[in-house]
Amino acid sequence: MKRTLTILVLSLSLFTLACKKDTPSTEPTKEPTPEEPKSEAKLVPLDQFDAVDAVWKSALSAVVSCVQKRVEETKQKGLEGYLIIEAKIGKEKNPIDIRIKEQKLSIDQIEPCIADLFKQLEFPVWGYWATSQYSYTINVGY
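### Points about the side chain of Arg70
When you line up the elements, Arg70 lands in helix H3 (residues 60-74). When neighbours within four sequence positions are excluded, Arg70 is seen to be in contact with Ile107, Asp108, Gln109 and Ile110.

The structure is reproduced here in structure tokens:
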């Protein structure tokens, strides 16, 4: 008798649970949020790569000059390290959004000099902005 009662109670509970699945939900359905298309970072076109590289290389002496000015102002004994400079190029001849992406020189307040220098450079133009960067190794005052 106990066994029959247990089977009956178990069957009723399973039946009740099965019926609950078919009942409509009273919660409001969530509308899927439209995703904004991700803008892909555009690269320098391959046919312009050598010309862009030549412009970056041509700025080395001016970058060293900026560093030397800061060394003289701060009275540091010498610096050795690198700067990675990043800018957007390609839509106009002069770059925009110029910044030092990374530096291992331990020299403060060099970014304004670098930014002024790079605003004057003329890169090739191809019709859209592309982020470009270049690394300069610096050894000053040794």
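### Side note on helix H2 (residues 49-58)
Taken residue by residue, H2 has Val52, Val55 and Trp56 as its buried positions. Axial view of H2: buried residues confined to an arc of 100°, hence all on one face.

### Side note on the pattern of salt bridges
Scanning all chains against the criterion turns up six salt bridges. In this structure, the salt-bridge partner of Arg70 is Glu73, at a minimum N-O distance of 2.5 Å. Note that Arg70 and Glu73 are positioned in helix H3 at a spacing of three residues, about one turn of the helix. Residue class for Arg70 comes out buried when judged on its relative accessible area of 12%. On the accessibility criterion, Glu73 (55% relative accessible area) is exposed. Ionic pairing is found between Arg99 and Glu86, a salt bridge with its closest N-O pair at 3.1 Å. Of this pair, Arg99 sits in strand S2 (residues 96-103) while Glu86 sits in strand S1 (residues 79-89); the two residues are 13 residues apart in sequence, bridging distant segments of the chain. Overall, the relative accessible area of 37% leaves Arg99 in the partly exposed class. Each of the salt bridges in this network shares a partner with another, and the network as a whole consists of Glu86, Arg99 and Lys101.

### Side note on the pairing of S2
As paired strands, S1 and S2 are joined by five bridges and run antiparallel to one another. Bridging from a neighbouring strand, Glu86 pairs with Arg99 of S2. Between the end of S1 and the start of S2, which pair antiparallel, lie six residues, with Gly90 showing a positive phi angle near 115°.

### Comments concerning the side chain of Glu86
Residue Glu86 is classed as buried on the basis of its relative accessible area, which comes to 13%. Residues within four places of Glu86 in sequence aside, it is in contact with Asp97, Ile98, Arg99, Lys101, Thr131, Ser132 and Gln133.

### Observations regarding the pairing of strand S3 (residues 130-140)
Residue alternation in S3 divides its side chains into a buried set, Ala130, Ser132, Tyr134, Tyr136, Ile138 and Val140, and an unburied set, Thr131, Gln133, Ser135, Thr137 and Asn139. In this structure, S1 lies alongside S3, joined through eleven bridges in antiparallel fashion. Paired with Ile89 across the bridge in S3 is Ala130.

Conventions adopted
- Residue numbers restart at each chain and count upward from 1, following the sequence in its written direction.
- Where totals are concerned, whole chains, interfaces and linings use all residues; where local detail is concerned, this predicted model gives features only for residues with pLDDT of at least 70, and gives and counts side-chain atom pairs only at 80 or more.
- Side-chain measures here rest on the full set of heavy atoms in the structure, leaving out hydrogens and waters.
- Numbering of helices and strands runs from the N terminus, with a helix taken as a DSSP run of H or I at least four residues long and a strand as a DSSP run of E at least two residues long.
- Pairs of residues are marked as contacts when any of their non-hydrogen atoms sit within 4.5 Å.
- With a 1.4 Å probe rolled over the protein chains alone, any residue whose accessible area is under 20% of its type maximum counts as buried; one over 50% counts as exposed, and the rest are partly exposed.
- The arc in question is the one spanned by the directions pointing from the helix axis to the C-beta atoms.
- Take a side-chain nitrogen of Lys or Arg and a carboxyl oxygen of Asp or Glu: if they are within 4 Å of each other, that pair is a salt bridge.
- At least two bridges found by DSSP between two strands are what make those strands a pair.

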